[in-house]
4 protein chains.
Amino acid sequence: MHDRKLRVALIGAGRIGRMHAAHIAHRLPEATLAAVVDLNEEAARACAERYQARWHTRYEAVLQDSRIDAVAICTTSTTHTEIIEAAAAAGKHIFCEKPIDLTLARIDHALRCVRKAGVLLQVGFQRRFDPGFQRVRQAITAGEIGEPHSVHIISRDPSPPPIAFLASSGGLFLDMSIHDFDMAYFLLRQPIRRVYATGAVRIDPAIRQIDDVDTATVVLQCADETFVTIENSRQATFGYDQRLEVFGSRGSIRLENVYPNTTVRLVQGGLKRDNPHHFFIERYRDAYVSELRAFTEAALRGGPSPLSGEDARVSVEVGLAALHSLRTGLPVDLAPA
Amino acid sequence: MHDRKLRVALIGAGRIGRMHAAHIAHRLPEATLAAVVDLNEEAARACAERYQARWHTRYEAVLQDSRIDAVAICTTSTTHTEIIEAAAAAGKHIFCEKPIDLTLARIDHALRCVRKAGVLLQVGFQRRFDPGFQRVRQAITAGEIGEPHSVHIISRDPSPPPIAFLASSGGLFLDMSIHDFDMAYFLLRQPIRRVYATGAVRIDPAIRQIDDVDTATVVLQCADETFVTIENSRQATFGYDQRLEVFGSRGSIRLENVYPNTTVRLVQGGLKRDNPHHFFIERYRDAYVSELRAFTEAALRGGPSPLSGEDARVSVEVGLAALHSLRTGLPVDLAPA
Amino acid sequence: MHDRKLRVALIGAGRIGRMHAAHIAHRLPEATLAAVVDLNEEAARACAERYQARWHTRYEAVLQDSRIDAVAICTTSTTHTEIIEAAAAAGKHIFCEKPIDLTLARIDHALRCVRKAGVLLQVGFQRRFDPGFQRVRQAITAGEIGEPHSVHIISRDPSPPPIAFLASSGGLFLDMSIHDFDMAYFLLRQPIRRVYATGAVRIDPAIRQIDDVDTATVVLQCADETFVTIENSRQATFGYDQRLEVFGSRGSIRLENVYPNTTVRLVQGGLKRDNPHHFFIERYRDAYVSELRAFTEAALRGGPSPLSGEDARVSVEVGLAALHSLRTGLPVDLAPA
Amino acid sequence: MHDRKLRVALIGAGRIGRMHAAHIAHRLPEATLAAVVDLNEEAARACAERYQARWHTRYEAVLQDSRIDAVAICTTSTTHTEIIEAAAAAGKHIFCEKPIDLTLARIDHALRCVRKAGVLLQVGFQRRFDPGFQRVRQAITAGEIGEPHSVHIISRDPSPPPIAFLASSGGLFLDMSIHDFDMAYFLLRQPIRRVYATGAVRIDPAIRQIDDVDTATVVLQCADETFVTIENSRQATFGYDQRLEVFGSRGSIRLENVYPNTTVRLVQGGLKRDNPHHFFIERYRDAYVSELRAFTEAALRGGPSPLSGEDARVSVEVGLAALHSLRTGLPVDLAPA
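Throughout, residues of each chain are indexed from 1 in the direction in which the sequence is written. Here every chain gets a letter starting at A, and every ligand a number starting at 1, in the order they are written. Per-residue local features of the predicted model are confined to residues with pLDDT of at least 70, and side-chain atom pairs are confined, for both listing and counting, to 80 or more; whole-chain, interface and lining totals are unaffected and use all residues.

Draft legend 1. View of helix H2 (residues 41–50) of chain C. Residue and element names in this part refer to chain C. Within H2, the full set of buried residues consists of Ala44, Cys47 and Ala48. Axial view of H2: buried residues confined to an arc of 100 degrees, hence all on one face. Facing away from the buried surface of H2 by more than 90 degrees, the exposed residues are Glu42 and Glu49. Its buried side turned inward, H2 meets helix H1 (15–26), strand S2 (31–37) and strand S3 (54–56). For the purposes of this entry, the term helix denotes a DSSP run of H or I that reaches at least four residues, the term strand denotes a run of E that reaches at least two, and both are numbered from the N terminus. A positive phi of about 55 degrees marks Gln52, the residue just after H2. Exposure in this text rests on C-beta crowding, where 20 or more other C-beta atoms within 10 Å of a residue's own make it buried, 12 or fewer make it exposed, and counts in between make it partly exposed. The C-beta atoms are placed from the backbone. What the arc describes is the spread of directions from the helix axis to the C-beta atoms. Contact between residues is assigned whenever the C-beta positions, reconstructed from backbone atoms, fall within 7 Å.

This is how it looks when you write it as structure tokens:
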């Protein structure tokens, strides 16, 4: 046991930030939500008052506050590296939502700052903390399916976000597929050598106007010639579609969708189940708690990051290659590190 | 290989008889449909001509015909023992649809005739030849689930037959549940010591008029204190419902319904599968072929009956006890053999 | 929102009590764990200190404490009614673990005291708060499966508790099946008119020494002639087996076991899934939180009990009838209320 | 009904040929196996005698025989077009195993001969006749899943054939993936515009010696920007792996593997099912019968080919493009027809 709780400041009280705030306050006995920062004063205050926390409109306030041990960065992606660098310089531990940034140079600079400061940085790819994906990883490391030969990842959202959001999202590959690139790397732990990406606008023509796609298929080729196929769509009418299968020399493991209950009906039209969880908040609720628990424990006890910046960087590198492949119509090689 | 095929005469060209005729003609290379008998001349002729067989309106004709090796009795239940006895006296091998009869005394007399004549008698409980039920039996004999402790059988028809049929069917327990009683005995190979049956009219009030029930729950207690629960209904809106589970000291095995295909849809209303096979003709098609193949092989090669009269008698004994239990509201004990 | 939290005193800091304590402290923002009572001083103190609560060895102390709004009774079953009556007299709201008691007369006396005092009493049948069982209930009330005709409930523990516990448990029917009796009543909302129970010792001969059974099959007959079959066992080698199916005039709904993850492996020996959740703590974790949330809300806002004593009494009545049926070998009728 | 049966000559009495012979003789009442041809006299005679058919060592014999209506060509692929052309010239209807040939020029020449002769040509892509794949096709045409956006096909054999066979097989794409290319075309009915193929040797280094791969991932891009991913492997330790999913604007349909029975076991290690059918003979038994039934009916009644040469040609065209893509590492465009 520890003498005291990890005192966390939330920076960015949007949807995902408010979710983390609730988890810190109610689900993590070893952490406490000490402060909330948001450029929007009302948003900061409303969230802070809910949990009896202090509030600010500028993140510098919490970096200067010695009563804060760690920050959780949930602002828009383009501001991440600036805050990471400032927080690292202030000696605060850092939980940062994905992606760190959309530019490798800025990521690399921020990671150098973090290493230099010796603080903890954990990036928010929450799927790695989901019991389903972890079971897949375990099957691989335990040799249950032998040596992986191919991976198939399905990741589809129930419906597209507003065009305004999409326009600043970095595009399908860096906003959405990035989770799948990270998952491929997490599961296989192999350098990714080549990326071939295709995509189309099948759902909403407005997405073509912002030079993005809403449907995509990507092939990753790993150094050991394991091939990963990824299917993405901005719209699955039946809900959040999060599935995966790893096929190996001794067998296969697949992760099915997760349902709100395990009932099955036999009725006139056939066998029926309810839809799977509708979206990420429901599907990954426990994973979001687990990633923050892992962060809290690493911060309180010391020890390596459960999901380091260097680890998370791979997904951005692959995402940028996918974007280039889509635009050129050709496979893109990634240089060995 | 054999020098010649088994020459079979079909007696009774109703629905089940015509199905057997097609199987003998097209699916069993070692058997040939040599003759068809039906009281209805047109029915006999139509079926016979389809397969280039001879036809008669009286079964005695085929019993006297030295070109006939075996008979398949598919007439109404009340005529079975008379034909069995005559066929046995004529030295013909006998395949007889279930049940042999609804009276134990008549069954016992017929079985004595069969034993005396030394002919083969096989009763048509086709489920024993279904790969699913056989897999359950195999799991038990191989010890995969340890010693059986309890069994649950679900057997529901898609919809009730005409009242006229029901009125002469022997009632739910002897017409329908009898398959489940036979299955319990086939799987457990334990004497059944006590029967408690309940039932109700939930589907069609007309069934009450003929003093029958359309919905029933029966509990069988075996000599080793394994308990079997059986759920029957004359009407399952989603199709033929044929499931079973055996729970034992080391695990459980359950048999699910069988579907015409293995597709699964994910659509707006949830996950969907098509209905299972609609009724017994579709569900047990291969089992019906297999039981006749087993009969053909036993007849051509000699050897014990794949499903003897003595074996099939148990289900009638239990069925009569169930009927008595329903009427008295009390459990009924069966005397040890 | 409320001005203040519900201040709860836990009475009985055994396994289930400590689980409730953790939920009150960490999962229920609207409640606070104010005190812990246990006859064993060390148990009371350890639990209380974990959550910064007060502690006592006698329950009277919290009943006299005006800073306590409600009690959660988790002591042995035989002490429930005494504490309920005292708590009601002291004007405290009461959450009580199942069963209220094993004697109908004592239950009825306690319920009269509760009604007279006008306090809230909620009994701890947590399954009613599980999303799976609630989905089944919803299917029934929404008419998705038509009018229920039969119900099948499977409830098996992974392994028997110590004989010492069993000896004072009230026996299989009142300790374990009672959850299933309650579930049948919760789902069907029909008076139960007749009970036929069978049972055997198949797992551990020591259970015979204490005049109990470890394996049982029970049939309940409802006023509307819906039949419920229940299969219980003290030992399922594959983990906690909690399944249920309701068959009705328009279809069927079944609740499958719940698994810690949704992965499926295809390996040399066939398709495999991990075991379902091992026991009730894992299987019903969210249900335990939900029942206390419902209790907290009812206590803070007023309103009827989410699971009243009168409602919970039915299961004891059925349990006693089942015990009598087992001993006599005959069905037992329950008098209309 | 027809006056007479279709008289079929089997050309090539290898494994697949003998399977077709059995189906013609025992499962197709409207066809008769009249002759068997094999260069190996013993193979021809053994197969013919089994079904009381004539036998020859040269196919010309059956082409000159006026008692033959149709031929079923099951010889090695390189001989197909020669026999097709001769059979067409002789006015025989033609069932030909896949692929027609591995050279588009030879295929086109043969198809011209067939058209000129006005005979029926059906190519043996049996999966199109499987009820599972047909159900998927039906879901698409009926709009159950809306407009298809992406397809994922898994096709893996239980173990690689002998190297000698592989060396003359045309390689993974033309021997094995060709079924998947045909399936994509059958389901989507869209021109395939671009092919990107990757592959590796992961199972047996000897396969590298013959310049082939044993593991592959292929992406097809259709004219309407539907993307198809295909995963192939020569070795799935759990048996024949034949799955498919089509995702569309209104939902998804997937085809699962087919199992020899529907039993599920719950045992100490978790939930288990037996392996799926081991290989194509078991998995597609009914599909093989259905394709010959469709051929027989088309030949007897006239009417278009159930699977024409022009239709089957697409898969070879895609296969050749896949091979080129694998060798160049680049996507290959297919010219519009």
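Draft legend 2. Quick peek at the sheet that holds S3(C). All names here are of chain C. Strand order in the open sheet formed by six strands is S3-S2-S1-S4-S5-S6, and the pairing between neighbours is parallel. The outermost strands of the open sheet, each flanked by one partner alone, are S3 and strand S6 (121–124). For this sheet, the mean angle separating the axes of adjacent strands, direction not counted, is 25 degrees. Only strands joined by at least two bridges in the DSSP assignment are considered to pair. With three bridges joining them, S2 and S3 adopt parallel strand pairing. Each bridged residue has a counterpart across the sheet, and for Val36 the counterpart in S3 is Trp55. All axes here are fitted lines through C-alpha atoms, helices being fitted over the stretch that makes contact, and every angle between N-to-C directions spans 0 to 180 degrees.

Draft legend 3. The pairing of strand S13 (residues 263–267) of chain C, seen in detail. The buried fraction of S13(C) amounts to four of the five residues, a majority that puts the element mostly inside the structure. The pairing of strand S12 (residues 251–255) of chain A with S13(C) spans five bridges and is classified as antiparallel. When the sheet's bridge partners are listed, Leu255(A) is paired in S13(C) with Thr263(C). Pairing of S13(C) with strand S14 (residues 270–273) of chain C, which is carried by three bridges, proceeds in the antiparallel orientation. Among the inter-strand pairings, Arg265(C) is bridged to a residue of S14(C), identified as Lys272(C). Connecting the antiparallel pair S13(C) and S14(C) is a turn made up of two residues.

Draft legend 4. Expanded view of the interface of chain B and chain C. At the junction of the two partners, chain B supplies 25 residues and chain C supplies 25 residues. Looking at the side of chain B that touches chain C, the elements that each hand over two or more residues are strand S7 (148–156), strand S8 (192–200), strand S9 (215–222) and strand S10 (227–233) of chain B. Across the side of chain B that touches chain C, the residue classes tally to eight nonpolar, 13 polar and four charged. Polar here means any residue other than Ala, Val, Leu, Ile, Met, Phe, Trp, Tyr, Cys and Pro, which are nonpolar, and Asp, Glu, Lys and Arg, which are charged; Gly is therefore polar.

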